[in-house]
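Spelled out from the first residue to the last, the chains are:
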Amino acid sequence: VTNTVYFRINSNQGVDQIVTLESDLKAQLLHYLGLTEIKAGNYNRAVELLDSAITLAPKDPDLFAHRALALNRSGAPELARADLEKAFGLSGNHANTFANQAGIMLSMGNPAEAETAINQAIKNNNKVAAFYAERGALHAAQSNFVLARIDYDSALLLDPNDQELWFNRGLVNEDRKSTRLNSSH
């Protein structure tokens, strides 16, 4: 008898789940579809799919962290924060939860808490380019172009083929150059 085996790779821990075709794949498929909808910008649909996945797998912190991301982007930061608390309750060192919390804190106008959360995400998992990019964007928004450049450099070391990272680093370099020119006049 042959069987197909799927490995779920969690950015925090490597392979954290092994599933076969005989396993119940519904929650994992709904999770994947929810992530796809987030990427496409269909946040309300993503919330619906992740709601269904959570019903099937209520102890998976990834589901709550990703639903928080969709909720925040759909304009419901208070609901997103509740999901983050649930994800933290399930896994206190969940790097994605810290990263999502940073986005929520920033959208609520609290850059200091956002920076604390993204720093914690990087501390828990320093191998995710998106975490450095998020912190770089936070530094750039605060006109700290030196730290923004360092974070984009770190992100590019992890993901040198990401065109958006190169573009954003270029913007930081331009802003840094403009700031230097304006301060010398």
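As the structure is a computational prediction, the values presented were derived from the model and not from experiment. (Residues numbered from 1 in each chain as written. Predicted model: local features only at pLDDT ≥ 70, side-chain atom pairs only at ≥ 80, totals over all residues. Heavy atoms only, no water.)

J.: Run through the packing of helix 6 (residues 111-124) against helix 7 (residues 129-141), naming residues and quoting values.
T.: It is at 10 Å that the axes of helix 6 and helix 7 come closest, and there the two elements cross at 155°. By the angle between their axes, helix 6 is roughly antiparallel relative to helix 7. Viewed along their axes, helix 6 and helix 7 form a crossing whose handedness is left-handed. Listed contacts from helix 7 to Pro 111, Ala 114, Glu 115, Ile 118, Asn 119, Ala 121 and Ile 122 of helix 6 are Phe 131, Tyr 132, Glu 134, Arg 135, Leu 138 and His 139. Among the residues forming the contact of helix 6 with helix 7, the class breakdown is 8 nonpolar, 2 polar and 3 charged. (Axes fitted to C-alpha atoms, helices over the stretch in contact; angles between N-to-C directions. Helix = DSSP H or I, 4+ residues; strand = E, 2+ residues; numbered from the N terminus. Parallel < 35°, antiparallel > 145°, perpendicular 65-115°, else oblique. Left-handed = near helix turned anticlockwise from the far one by under 90°. Contact = heavy atoms within 4.5 Å. Nonpolar A, V, L, I, M, F, W, Y, C, P; charged D, E, K, R; others polar.)

J.: How would you explain the nonpolar core if you had to name every residue and give the values?
T.: If you look at the biggest cluster of nonpolar residues, it comprises 23 residues, and the most contacted ones within it are Ile 118, Ala 121, Phe 131 and Leu 165. Secondary-structure elements contributing two or more residues to this core are helix 5 (95-107), helix 6, helix 7, helix 8 (145-158) and helix 9 (163-183). Apart from residues lying up to four places away in sequence, Ile 118 is in contact with Phe 98, Ala 99, Ala 102, Phe 131, Glu 134 and Arg 135. In this structure, Ala 46, Ala 53, Ala 65 and Ala 70 belong to the second largest nonpolar core, which totals 20 residues. (Core = buried A, V, L, I, M, F, W, Y, C linked by side-chain atoms within 4.5 Å. Buried < 20%, exposed > 50% of the residue type's maximum accessible area, 1.4 Å probe, protein only.)

J.: Tell me what's going on with the packing of helix 1 (residues 26-40) against helix 3 (residues 61-73), and back it up with residues and numbers.
T.: Contact geometry for helix 1 and helix 3: axes closest at 11 Å, N-to-C directions at 25°. Looking at the two axes, helix 1 sits roughly parallel to helix 3. The way helix 1 lies across helix 3 gives a crossing that is left-handed. On helix 3, the residues touching His 31, Leu 35 and Ile 38 of helix 1 are Asp 62, Leu 63, His 66, Leu 69, Ala 70 and Arg 73. In the contact of helix 1 with helix 3, the residues fall into 5 nonpolar, 2 polar and 2 charged.

J.: Describe helix 4 (residues 77-90), naming the residues involved and giving the relevant values.
T.: Helix length check: helix 4 (14 residues) gives 20 Å between terminal C-alpha atoms against 20 Å at 1.5 Å per residue, within 8%. All buried positions along helix 4 are accounted for by Pro 77, Ala 80, Asp 83, Leu 84, Ala 87 and Phe 88. Axial view of helix 4: buried residues confined to an arc of 145°, hence all on one face. Among the exposed residues of helix 4, those pointing more than 90 degrees away from its buried face are Glu 78, Leu 79 and Gly 89. (Expected span 1.5 Å × (residues − 1). Arc of directions from axis to C-beta.)

J.: Report on the pattern of salt bridges, specifying residues and quantitative values.
T.: Evaluation of the coordinates by the stated rule reveals 7 salt bridges. Arg 81 is the salt-bridge partner of Glu 113, the closest N and O atoms lying 3.8 Å from each other. With a gap of 32 residues between them, Glu 113 in helix 6 and Arg 81 in helix 4 connect regions that are remote in the sequence. Residue Glu 113 is classed as partly exposed on the basis of its relative accessible area, which comes to 37%. Note that Arg 169 and Asp 153 form a salt bridge whose closest N and O atoms lie 2.6 Å from each other. Of this pair, Arg 169 sits in helix 9 while Asp 153 sits in helix 8, placing them 16 residues apart in sequence. (Salt bridge = Lys/Arg side-chain N within 4 Å of Asp/Glu carboxyl O.)

J.: Describe the environment of Ala 80, and please don't skip the residues or the numbers.
T.: Following the sequence through the fold, Ala 80 ends up in helix 4. Ignoring anything within four residues of it in the chain, the contact list for Ala 80 reads Ala 68, Leu 71, Asn 72 and Ile 104.

J.: Break down unusual backbone geometry for me, citing the residues and quoting the values.
T.: Keep in mind that most residues, glycine aside, have a negative phi and that most peptide bonds are trans. A positive phi is found at Ser 143, a non-glycine position, where the angle reads about 60°. If you trace the backbone, Ser 143 turns up in the loop between helix 7 and helix 8.

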